[in-house]
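Close look at the chain arrangement
Read off the chains here:
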Amino acid sequence: MQPLKSKLPGVGTTIFTVMSRLAEESGAINLSQGFPDFQPPQALLDLVTEHMRRGHNQYPPMAGVEALREQISAKVASLYGAMADPATEITVTSGATEALFCAIHSIVRAGEEVIVFDPAYDSYEPAVTLAGAATIHIPLEPPSFGIDWDRLDSALNERTRLVIINTPHNPTGSILMREDLDRLASALTPYDCYVLSDEVYEHIVFDDVGHTSVLAHPDLAERSFAVFSFGKTYHATGWKVGYCVAPEALTAEFRRVHQFNTFTTVTPLQFALADYLELCPEHHLGLSDFYQDKRDYFLEAMHDTRFVMEPSRGTYFQLAEYSEISELPEEEFARWLTETHKVAVIPVSAFYDVPPDTRIVRFCFAKELETLEEAAQRLRAL
Ligand SMILES: Cc1ncc(COP(=O)(O)O)c(C=O)c1O
């Protein structure tokens, strides 16, 4: 046999796994990987066990438990004015990651191009590569990390099949506004090109700005897959339950892939989430305030450090520029900070195809206030 030739030769262990492992080995506070150090709401946990006891333990329908799809439909109608039919336009998936993968594979063919904006979430490109397509990277420039529309216009061509956007944006905390979506819609008008909109942080947008979804933009919605994650919303990243909202024709293709990928998603979690969405909409409606308090606490606690920070506008991530502290490149700095000062962070260079020469790391502030205070105390010593 020939030596095995990898289909993803450029892919190693993700930076999130690397930094979380290093944090554990070093006894560092882990502000690297994006997960809360607090629990999901108790009532939601109780509902999960209740549904397990009630016997909701076998395969659910392929598209997701009907009650959950109905709740999702009601939610996107009330938040975004979107009329999504639970029967034909909403699919429950095993995390947003599965939804992203299925969306890409349902429409992207070998030889086509997919545009992503760097820094980009790390699961996009491998899925595009496995589909045999090319990933075209357009950098977002600091400090605002807004989209350079002229660069998008130049990159679009007959081979462009998909543009992937992410708002609120991981890792930069930037957000897209209505004007941005208008501009995107007009850029795409001449092309037979779809949009994959990663909106997993839809409920974490600060300073009363509010989230702008592609679902609220009729021109874009008709060519978009919008992807969401219950893991982010309910402090339960390990549950891996997400969903995709897309027009009927797109959903039909999406489900062809989903059906033979995971087929379904954990049944009792779906029933519990359906109940909880109905019983407690205050949870997701109050999430921006909940995380804004944490963001503000972290910014205040970090005030006396030599990190330079522009307040994050959304997500539970905060970028910090560290050139007053060190000349080290980002990955080396992140390792040094973790091993020597016992606070783990993510180098922003990890999210780029060609990293710019910046000195920026990402902190996750989805943590108890004591955790954030302890981390800031360690960082004040730098
Ligand atoms: C931008 C972005 N998209 C997708 C995901 C994946 O979400 P899930 O855990 O629901 O698969 C994450 C998780 O960190 C993310 O930050």
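Position numbers for residues count from 1 along each chain, tracking the sequence in the order it is written. With pLDDT at 70 or above as the cut-off, local features in this predicted model cover only qualifying residues; side-chain atom pairs require 80 or more to be listed or tallied, and sums for whole chains, interfaces and linings still use all residues. Side-chain numbers come from the whole structure's heavy atoms, not from hydrogens or water.

Whether a residue is buried, partly exposed or exposed follows from its accessible area with a 1.4 Å probe, protein chains only, as a fraction of its type maximum: under 20%, in between, or over 50%, in that order. Counting from the N terminus, the helices are DSSP H or I runs at least four residues long and the strands are E runs at least two residues long. D180, L181, L184, A185, A187 and L188 are the residues of helix α7 (residues 178–188) that are buried. One side of α7 carries all its buried residues, which in axial view fall inside an arc of 165°. Contacts are residue-level and defined by heavy atoms, with any inter-residue pair within 4.5 Å sufficient. Check the buried side of α7 and you find it contacts α6 (149–155), β5 (160–166), β6 (194–198) and α8 (218–221). In this description, the arc belongs to the directions extending from the helix axis to the C-beta atoms.

A few words on the packing of helix α13 (residues 287–301) against helix α15 (residues 369–380). Note on geometry: axes are C-alpha line fits, over the in-contact stretch for helices, and angles between N-to-C directions span 0 to 180 degrees. As a packed pair, α13 and α15 sit with axes 9 Å apart at the nearest point and diverge in direction by 20°. Compared by their axis directions, α13 and α15 come out roughly parallel. Relative to α15, the crossing made by α13 is right-handed. Counted together, K294, Y297, F298 and A301 of α13 and L369, L372, E373, A376 and R380 of α15 form the full contact between these two elements. Along the lines of polarity and charge, the residues of the contact of α13 with α15 split into six nonpolar, no polar and three charged. If an angle is under 35 degrees, it is roughly parallel; if it is over 145, roughly antiparallel; if it lies from 65 to 115, roughly perpendicular; otherwise it is oblique. Left-handed describes a crossing in which the near helix is turned anticlockwise from the far one by less than a right angle; the clockwise case is right-handed. Side-chain classes follow a simple rule in which Ala, Val, Leu, Ile, Met, Phe, Trp, Tyr, Cys and Pro form the nonpolar group, Asp, Glu, Lys and Arg form the charged group, and the remainder, Gly included, forms the polar group.

It is worth spelling out the site of the ligand at this point. The criterion for a residue being near a molecule or strand is simple. One of its heavy atoms has to lie within 4 Å of it. In the vicinity of the ligand there are 13 residues, among which T97, D198, Y201, K232 and K240 approach most closely. Here a polar contact means two N or O atoms within 3.5 Å. Within protein one must be a hydrogen donor candidate and the other an acceptor candidate, and residues neighboring in sequence count only if both atoms are side-chain atoms. Contact between the ligand and N170: an oxygen atom at 2.8 Å from a side-chain N or O atom of the residue. Contacts to the ligand include K240, whose side-chain N or O atom sits 2.7 Å from an oxygen atom. Surface exposure here means Shrake-Rupley accessible area, sampled with a 1.4 Å probe, where a residue is shielded only by the protein chains that are shown. Surface burial for the ligand is 93%, taken as the share of its 390 Å² of free accessible area covered by protein chains.

Here we take up the packing of aromatic side chains. Only the six-membered ring of Trp is used, alongside the rings of Phe and Tyr, when aromatic pairs are assigned; centres must lie within 6.5 Å, and planes under 30 degrees apart are stacked while those over 60 apart are edge-to-face, with the rest tilted. Scanning the model with the defined rule gives 21 aromatic pairs in all. An angle of 80° between the planes, with centres 5.8 Å apart, marks the rings of Y201 and F317 as edge-to-face. With a gap of 116 residues between them, Y201 in the loop between β6 and α8 and F317 in strand β9 (residues 317–321) connect regions that are remote in the sequence. By relative accessible area, Y201 is classed as buried at 3%. According to the relative accessible area criterion, F317 is buried, its value standing at 1%. When the ring of Y316 is compared with that of F317, the centres are 5.2 Å apart and the planes differ by 75°; the resulting orientation is edge-to-face. There is no split in this pair, since Y316 and F317 are both buried. Aromatic rings pair up to connect F38, Y201, F290, Y291, Y316 and F317 into one cluster.

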